[in-house]
Amino acid sequence: MTVNVDELELDKFSQLAHKWWDKNSEFKPLHEINPLRLDYIDGFAGLAGKRVLDVGCGGGILAESMAVRGAEVTGVDLAKKSLKVAQLHSLESGVAVDYRCIAVEQLAEEAPASFDIVTCMEMLEHVPDPQSVVQSCSRLVKPGGWVFFSTLNRNAKSYLLAIIGAEYVLGMLTRGTHEYARFLKPSELGRMAREAALDVKDVRGMTYNPLTRIYALGRDTDVNYMIATQRTP
């Protein structure tokens, strides 16, 4: 099986791995938006008592928070250094998460229809074949289960704010974090979801106010957005 991975992307995150849990590092935005994501997922799918898979879990920020909400969480990633950080933090925090270094496509072959909820946040724009990831997430969730994605829209505004603004002007992210050509329009991601037997139930935008430094969920999907989908029975 050809692994759906960009080695340059893995190297990029591996170099920053030790900073995953530093809330003042390049990962500060992830820490700040995590409560919004967590409530969004919990609101639709109800995390307590559910078996959850976090695809592209990185250092475990979302994975741990879902476990705190009462879910049995598995986190998968191909960046070994990030996974090591996640495992160490899990030991320190006492929050149990099962971390595995495995491609989502391979896991879908091994354990189809094994999870009540699958999350895949800020990953699709970093892989060569996002459709393959969407298909695999759909295979991994049980019929009627929920799959959540978040990514970046592709338009002039997102290029200006997510790349020029966040990476070059405000310095919120390391330069080169994102590649504009890999951003996905909501219509494109929606089509991928439907082709993978996932019904799109909600599309929600995430905005950032640089003056108040506050993130908020709303209907503005021009830059960052999340979609909630449900596997057809």
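Preceding this section is the structure that the text describes.
The residue count restarts for each chain, going from 1 along the sequence in the order it is written. For a predicted model such as this one, the threshold for reporting local features is a pLDDT of at least 70, and the threshold for listing and counting side-chain atom pairs is 80 or more; totals across whole chains, interfaces and linings nevertheless cover every residue. Only hydrogens and water are set aside; all other atoms, that is, all heavy atoms of the structure, feed into the side-chain values.

(A) Spotlight on the sheet that holds strand β5 (residues 141-152). Spatial ordering of the open sheet is given by β3-β2-β1-β4-β5-β8-β6-β7, a layout of eight strands whose pairing is mixed. In the strand order of this sheet, the two ends are held by β3 (98-100) and β7 (214-218), each with one partner. If you compare each strand with its neighbour and ignore which way they point, the axes differ by 20° on average. Residue contacts are counted whenever heavy atoms from the two residues lie within 4.5 Å of one another. To get an axis, a line is fitted to the C-alpha atoms, and for a helix only the part in contact is used. The angle between two axes follows their N-to-C directions and goes from 0 to 180 degrees. Runs of E in the DSSP output that reach at least two residues are strands. Runs of H or I that reach at least four are helices, and both are numbered from the N terminus. Along the sheet, helix α3 (residues 61-68) makes contact with β1 (51-55), β2 (72-76), β3 and β4 (115-121), crossing β1 at roughly 170°. Running over the sheet, helix α6 (residues 130-140) touches β1, β4, β5, β6 (198-209) and β8 (224-231) and is turned about 150° from β5. Strand pairing is defined by DSSP finding a minimum of two bridges between the two strands.

(B) Looking closely at the pattern of salt bridges. Each salt bridge in this description consists of a side-chain nitrogen of Lys or Arg and a carboxyl oxygen of Asp or Glu lying within 4 Å of one another. One pass over the structure, following the stated rule, counts 13 salt bridges. Measuring nitrogen to oxygen at the nearest pair gives 3.4 Å for the salt bridge that ties Arg100 to Glu110. In this pair, Arg100 is assigned in strand β3 and Glu110 in helix α5 (residues 104-110), connecting sequence segments 10 residues apart. Judged by relative accessible area, which is 46%, Glu110 ranks as partly exposed. A salt bridge links Glu188 to Arg154; its shortest N-O distance comes to 2.7 Å. Here Glu188 is found in helix α8 (residues 186-195), whereas its partner Arg154 is found in the loop between β5 and α7 (156-169), with 34 residues between them in sequence. Linked by salt bridges that have partners in common, Asp39, Asp42 and Arg69 make up one network. Only protein chains enter the accessibility calculation, which uses a 1.4 Å probe; a residue whose area is less than 20% of its type maximum is buried, one above 50% is exposed, and one in between is partly exposed.

(C) Summary view of unusual backbone geometry. Not every positive phi belongs to a glycine, and Glu122 is a case in point at roughly 50°. Along the chain, Glu122 turns up in the loop between β4 and α6. Taking the relative accessible area as the measure of exposure, Glu122 reaches 18% and is therefore buried. Positive phi, normally seen in glycine, also occurs at Ala197, with a value near 65°. Among the structural elements, Ala197 can be located in the loop between α8 and β6. Here Ala197 falls in the partly exposed class, since its relative accessible area comes to 25%.

(D) Spatial organisation of the packing of α6 against α8. The geometry of α6 relative to α8 is characterised by a closest axis approach of 9 Å and an angle of 45° between their N-to-C directions. Looking at the two axes, α6 sits oblique to α8. The crossing of α6 and α8 is right-handed. Along its contact with α6, which presents Pro130, Gln131, Val134 and Gln135, the element α8 presents Leu189, Arg191, Met192, Ala193 and Glu195. Residue type decides the class: Asp, Glu, Lys and Arg count as charged, Ala, Val, Leu, Ile, Met, Phe, Trp, Tyr, Cys and Pro as nonpolar, and the leftover types, Gly among them, as polar. By residue class, the composition of the contact of α6 with α8 is five nonpolar, two polar and two charged. An angle counts as roughly parallel when it lies under 35 degrees, as roughly antiparallel when it exceeds 145, as roughly perpendicular when it falls between 65 and 115, and as oblique in every other case. Crossings are classed by handedness, with left-handed meaning an anticlockwise turn of the near helix from the far one by less than a right angle and right-handed meaning a clockwise turn.

Keep in mind these values describe shape, not function.
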